[in-house]
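# Coordinate analysis (summary)
So the chains spell out like this:
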Amino acid sequence: MTKDPDDLETGILHDLIGHLLRHGFNLGQTVFRSAFAAEGITPLQFMIMELVTHNPGISHSRLCRALGTSASVITTTLKPLMAAGRVTGSPMPGDARQAVYIATDTGRHAHERMQPLIARSELMLTEALSQSEQAELKRLLRLLIGSPGASDRVPDEGSELHL
């Protein structure tokens, strides 16, 4: 017989960092979907828009490294952004095997329009935490993934992002 969720025995789950991160990730996805429902954009698409907007001409490989994901995931995620006219891609000057991306005027306007939505999403996600707890959580997560601070920029073409 299954217990009521309030008295469910979770064993060691709530002591496992991986479980807590996964649970937090799921919560973040739910909150993002709620805040961005009218935009029809995923969290990864938002992250790509953020990077492309702030780094015009960013290469496919730099997007992969900055987001810690594979080229195929970036390609799949970019398709709707390009179809919507928010991002455009072209061959990299000097190396046509690589693509570079820029935000279009439509994309820059959408990105600007989404800034209050991401702020709302972050507030909803962290409403149970004080400002100092939020700062500490960010600090610890940056430490965990090997990113020293918010002022980090996308790594240079030849450098590695340690995740």
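Residue positions within a chain follow its written sequence, with the count starting from 1. For a predicted model such as this one, the threshold for reporting local features is a pLDDT of at least 70, and the threshold for listing and counting side-chain atom pairs is 80 or more; totals across whole chains, interfaces and linings nevertheless cover every residue. Heavy atoms from the whole structure form the basis of all side-chain values; hydrogens and water molecules are not counted.

A few words now on the nonpolar core. Within the largest apolar cluster, 21 residues are counted, with the highest numbers of intra-cluster contacts made by Phe36, Ile41, Val52, Leu63 and Leu78. Starting at the N terminus, helices and strands are each numbered in turn, a helix being any DSSP run of H or I of at least four residues and a strand any DSSP run of E of at least two. Listing elements by their share of this core, those giving two or more residues are α1 (17-35), α2 (43-54), α3 (60-67), α4 (71-83), β3 (95-103) and α5 (105-125). It is α2 that provides the largest number of residues to this core, a total of five residues. Take the buried Ala, Val, Leu, Ile, Met, Phe, Trp, Tyr and Cys residues and link them wherever side-chain atoms come within 4.5 Å; each set so joined is a nonpolar core. Classification of residues uses two cut-offs on accessible area relative to the type maximum, computed with a 1.4 Å probe and protein chains only: under 20% is buried, over 50% is exposed, and between them is partly exposed.

Another aspect to go through is the sheet that holds strand β1 (residues 58-59). To summarise the sheet geometry, strands pair through backbone hydrogen bonds and adopt either a parallel or an antiparallel arrangement. Reading across the sheet, the three strands line up as β1-β3-β2 and stay open at both edges, with antiparallel pairing between neighbours. Of all strands in the sheet, those with a lone pairing partner are β1 and β2 (87-92), marking the two edges. The sheet contact formed by β2 and β3 spans six bridges and is antiparallel. Bridging from a neighbouring strand, Ser90 pairs with Val100 of β3. On top of the sheet, α2 reaches β1, β2 and β3; it is set at about 95° to β3, its chief contact. Pairs of strands are assigned from DSSP output, requiring at least two bridges between the strands. In this analysis, two residues are considered to be in contact whenever any of their non-hydrogen atoms come within 4.5 Å of each other. The axes are straight lines fitted to the C-alpha atoms, using for helices just the contacting stretch, and the angles between their N-to-C directions are given from 0 to 180°.

In short, the description is geometric, and any link to function would need to be established separately.
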